[in-house]
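The primary structure of each chain is shown beneath.
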Amino acid sequence: MLELKNISKKFKNNLLYEDVNFEIRDGELIHLFGKNGSGKSTLFMIICDILEPTTGEISREENVKIGAVIGNSGFIENETILYNLKYLYNLKGTFDEEKVKSLCEMFSLDLYNKKKLSTYSVGMRQKVAIIQAIMEDQNLILFDEPTRGLDVDAIDVFFKLIKKLKKEGKTVVIASHDLYDKLDYDYHLLIKNERIVKSKKYEKV
Amino acid sequence: MKKYKEILILIVMQISVYQFVGNAEILLNIKYFTMDRVIYIMISILFNYLYLYYFIEQYYTYILNRNHVITRCGMKEYYKLVLKKVLGTIGIFFISNLILDYIIVKKVIFSYLIINTLYFLILIIVLPKKREYSFELSISLLVTLITKYLYYIFVL
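None of these values were measured; they are calculated from a predicted model. (Residues numbered from 1 in each chain as written. Chains lettered and ligands numbered in written order. Predicted model: local features only at pLDDT ≥ 70, side-chain atom pairs only at ≥ 80, totals over all residues. Heavy atoms only, no water.)

1. Considerations on the packing of aromatic side chains
The description of two aromatic rings rests on the distance between their centres and on the angle between their planes.
All names here are of chain A.
Working step 1: Taken as a whole and judged by the stated rule, the model has four aromatic pairs over all chains.
Working step 2: Geometrically, the ring pair formed by Tyr89 and Phe95 is edge-to-face, given 5.6 Å between the ring centres and 90° between the ring planes. Phe95 matches Tyr89 in its accessibility class, with the two residues each being buried.
Working step 3: Among the aromatic residues, those joined into a ring-pair cluster are Phe143, Phe158 and Phe159. (Phe/Tyr/Trp six-rings, centres within 6.5 Å; stacked < 30°, edge-to-face > 60°. Buried < 20%, exposed > 50% of the residue type's maximum accessible area, 1.4 Å probe, protein only.)

Shown next, in the form of structure tokens:
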């Protein structure tokens, strides 16, 4: 589905990682972890084409459709949820209102709420970010600290959602510090000593 | 419907700016620094700010959503979208200036037009990329004062 070949990323004199080689296959559930500042979000940004790697290249299959929640998701602040989600959906497709509405209901959000997004709490914004990452049937979904700001109920809904996505054969990569034992991952990716190591078991950083 | 509203706001603001620009010609004949002149500059800054604020909002549609848009469309298409938006808005700005010049002062004043367009371009270039760190009012104040100062020195 997606292959990273000899990827390295350097910010001025700060080398995040070098010689990164791994492949992400269809239907995998992957856990990415590492210390703060080790480059988890940067790796997602490289995969999403937001940042360019210093060296190396990424090859991806043509049918790969990426959905991502990276850092503090930016939205059009003075518009509603409906406007924001419709805008993003319509960039590459036709807005499916019923589907988005049911996703919002799943996360106890009102799609037709007239409030501007700037008035929403961190948790509610995070829910909108999760919805935008999956609403277009994306088959590679990247979540960077997805439970940030979510309440207990929403975290439960999120876990159910991940299990459902896995059943549907979608590939999910979750970068987090605290979700290492909550889901049945296929494998873990550890960023350590400027390298990304694949391991079957979670080990403390 | 929303687009019509936006165009209406644009025209009303442009007329307001020109009303004050028109008054300024009379006020500029006063050799010394007077209260009228101060009021004119203040009001002019306020209108310029409101006018630009409206356009800046349009740009942030892309800048705020940057990550989501690039994830969907890729970097190249994102820049194409932004370029289209910038050129489109500048085009509308230029044409609306031309038309309103003609309607209000019955002639096209190119010096006003060029200064307005330059002012607008400078603002786009100096704007920060993140909405929460922008200082539109301060930038507006600074650029308005500089362009007006240059205008007084070199054009009038």
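2. So, the interface of chain A and chain B
Working step 1: With 22 residues of chain A at the interface, the matching set in chain B holds 18 residues.
Working step 2: The three residues of chain A that bury the most area against chain B are Ile50, Tyr87 and Lys92 of chain A, which together make up 30% of that side's buried surface.
Working step 3: Taken together, the links from chain A to chain B amount to two salt bridges.
Working step 4: The salt bridge involving Glu77 of chain B is made with Lys92 of chain A; its shortest N-O contact spans 3.5 Å.
Working step 5: Here chain A is connected to chain B by six residue pairs in polar contact (both at pLDDT 80 or more). (Contact = heavy atoms within 4.5 Å. Buried area = accessible area lost by both parts, 1.4 Å probe. Salt bridge = Lys/Arg side-chain N within 4 Å of Asp/Glu carboxyl O. Polar contact = N/O pair within 3.5 Å; in protein donor to acceptor, adjacent residues only side chain to side chain.)

3. Concerning a negative patch on the surface
Working step 1: On the surface, Asp96, Glu97, Glu98, Glu105 and Asp110 of chain A cluster together into a negatively charged patch.
Working step 2: One can find Asp96 of chain A in the loop between helix H2 (81-89) and helix H3 (97-106). (Patch = residues over 30% accessible without salt bridge, like charges linked within 9 Å, V, L, I, M, F, W, Y side chains within 5 Å. Areas by Shrake-Rupley, 256 points an atom, 1.4 Å probe, with all protein chains shown as cover. Lys, Arg positive; Asp, Glu negative; His and termini not counted. Charge placed at Lys NZ, Arg CZ, Asp CG, Glu CD. Helix = DSSP H or I, 4+ residues; strand = E, 2+ residues; numbered from the N terminus.)

4. Focus on the sheet that holds strand S1 (residues 2-11) of chain A
All names here are of chain A.
Working step 1: Spatial ordering of the open sheet is given by S2-S1-S4, a layout of three strands whose pairing is antiparallel. Strands with a single pairing partner mark the edges of an open sheet, and in this sheet they are strand S2 (14-24) and strand S4 (55-60). Going across the sheet, the axis of each strand differs from the next one's by a mean of 20°, ignoring polarity.
Working step 2: By the bridge criterion, five bridges tie S1 to S4 in an arrangement that is antiparallel. Considered in S4, the bridge of Glu3 is made with Ser59.
Working step 3: Where helix H1 (residues 40-47) meets the sheet, its contacts fall on S1, S2 and S4, and the angle it forms with S1 comes to roughly 125°. (Pairing = 2+ DSSP bridges. Axes fitted to C-alpha atoms, helices over the stretch in contact; angles between N-to-C directions.)

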